[in-house]
Amino acid sequence: MELFHWAGGLKGYSHSFDLGIVPNILYEMLSKGISPTVLSFGRVIKALCMVSGLHSACSLLRDMTKHGCVPNSVIYQTLIHALSAANSVNDALNLLEEMLLMGCVPDVSTFNDVIIALSFCHRIEEAKAFLEESMINGGCQLDICTYNILVRGLCRRDLLTSAHEVVKNMPLRGCEPNVITYTLLIDGFCRKRRFEEAEEGILHEMQQKGLQLNAIGYNSLISALCKDGQVDKAFELFRGMPSKGCKPDIFTFNSLIHGLAKADKMDEALSMFRDMFMDGVIANTVTYNTLIHAFLKKRAINKALKLVNTFCEEGALDKALSLFDEMWAKGMHSNNFASVTLISNVFRGLQSDIAIYNNLISCLCKMQRVEEAFSLFRKLESQGVSPDSLTYNILICACCRTGSPENAYALLDRTVACGFTPDSLTWHRLVTTVSRSFRAKI
């Protein structure tokens, strides 16, 4: 605490300063001939690591001995963690070697940091060797996190046999695999479409140990089966989830909907879409994207547009607009027929519904994006889709709300010229806007 006691006497010092100031205090102490303790150096090194000052933190480690301070385990572990997180694996390994030479004993978390960094940098064989040579031979007691990190890294590199061998050898090293370990293995085998080994081998081995598959494991199997066209088998697993205490989530439903759409079973896909909401699962962009593109592929343009409309109502306005922009870019013709290329072919659809466009324009106005609403309005006109009275009412009200009376009056003239009559809300907005404008001029 002497660092903060000394700093408290400085003019303008406050204990509420940010971490970036801490190193400056220490360097000022050194310039005045005051030698900080190991604890002070440790705190400043930690502060530097927290504010992305890793290079300065490593330099400070070298300066410690000049001031009679020997780094302890905590300081080394702090730096190794920061270096590993920054993917400076070689520096982390060198510092770990130095730590051991200095007689400091790293804990298992420090070793885990290095293994994570090696795995992330695709140096998984080094990670495996590091585990054998440095950890096991060095007498470090490995924990379940160590093994799970290694298994995940091996699976990501598609070294599935090696990953499975590590899991089989875990009990010999005094560590039993857990649900996460087997889930990582199952996911790895599923991604390579090795379903039989995943189900009959790993899943059976898991159940023999009294472990039950979790939702993530089920999702891995279901997703892989659906991608492989084995939708019926995926549904068998899906139906068995509740009895195992697993609740299907958005990933589960999206995988099944994608599988059904891929198998051209759109009625069942829509049924699954409705079942989601009954189960309290809210559809996301992946859900809508899958269904919309499937309908477009079947030339069911109206169904696709209705989903875009629902998408907008649920707040995904930008995604809905993006789909419309894509449709226009691919050629929405002035005869009110949509020509859309979203998959790889050109599909010709049915007549557009102005209600869908009104919904989009209304959403934009509510979000104070009136310029974009007018841009969409002009696009409609250029595509030959006729605005109705509601279109004009929405835009006039938006102009009044945002203080653009001139635009509102211009739209009113256009509304009347087109044979439409503003509704009572629009008249109220116009009168209020005129009154405010009149009072402002008095």
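Refer to the preceding data block for the structure.
Throughout what follows, the structure given in this document is the object of discussion. (Residues numbered from 1 in each chain as written. Predicted model: local features only at pLDDT ≥ 70, side-chain atom pairs only at ≥ 80, totals over all residues. Heavy atoms only, no water.)

Thoughts on the overall build of the protein chain
This is how it is decided: Numbering of helices and strands runs from the N terminus; a helix is a DSSP stretch of H or I covering at least four residues, while a strand is a stretch of E covering at least two. The classification of residues rests on relative accessible area computed with a 1.4 Å probe and restricted to protein chains. Under 20% of the type maximum is buried, over 50% is exposed, and intermediate values are partly exposed. Two residues qualify as a contact provided that any one of their heavy atoms is within 4.5 Å of a heavy atom in the partner residue. Note on areas: Shrake-Rupley with a 1.4 Å probe; residue coverage comes only from the protein chains shown.
From N to C terminus, the protein chain includes 24 helices and two strands. Looking at the protein chain as a whole, 46% of its 442 residues are labelled buried. A sequence separation of at least 24 residues applies to 56% of the contacts in the protein chain between residues at least 6 apart. In the structure as shown, the protein chain presents an accessible area of about 22600 Å², 53% of it carried by carbon and sulfur atoms.

With respect to a negative patch on the surface
What counts here: Only residues whose relative accessible area exceeds 30% and that take part in no salt bridge are eligible for patches, with like-charged residues grouped when within 9 Å of each other and nonpolar side chains (Val, Leu, Ile, Met, Phe, Trp, Tyr) grouped when within 5 Å. Throughout this description, the term salt bridge denotes a Lys or Arg side-chain nitrogen within 4 Å of a carboxyl oxygen of Asp or Glu. Only four residue types enter the charge count, namely Lys and Arg as positive and Asp and Glu as negative; His and the chain termini do not. Charge coordinates come from a single atom per side chain, which is NZ of Lys, CZ of Arg, CG of Asp or CD of Glu.
Together, Asp232, Glu236, Asp267 and Glu268 give the surface a local cluster of negative charge. Counting residues per element, the ones that place at least two in the negative patch are helix H14 (231–240) and helix H16 (266–278). Among the structural elements, aspartate 232 can be located in helix H14.

Points about the pattern of salt bridges
Inspection of every chain in the model, using the stated rule, returns nine salt bridges. Residues arginine 193 and aspartate 228 are paired through a salt bridge, measuring 3.4 Å at the closest nitrogen-oxygen approach. Taken as a pair, arginine 193 in the loop between helix H11 (179–191) and helix H12 (195–208) and aspartate 228 in the loop between helix H13 (215–227) and H14 lie far apart in primary sequence, 35 residues in all. A salt bridge links arginine 369 to glutamate 372, with the shortest nitrogen-to-oxygen separation between them at 2.9 Å. According to the relative accessible area criterion, arginine 369 is buried, its value standing at 18%. A single network of salt bridges, built from pairs that share partners, joins Asp158, Asp187, Arg191 and Lys192.

Overview of the state of the cysteines
Selection criterion: Criterion for a disulfide: a pair of cysteine sulfur atoms within 2.5 Å.
Counting across every chain of the model gives zero disulfides. Summary of cysteine pairing: cysteine 400 is not part of a disulfide, and the nearest cysteine sulfur, belonging to cysteine 397, is at 6.3 Å. When its relative accessible area of 6% is taken as the criterion, cysteine 400 is described as buried.

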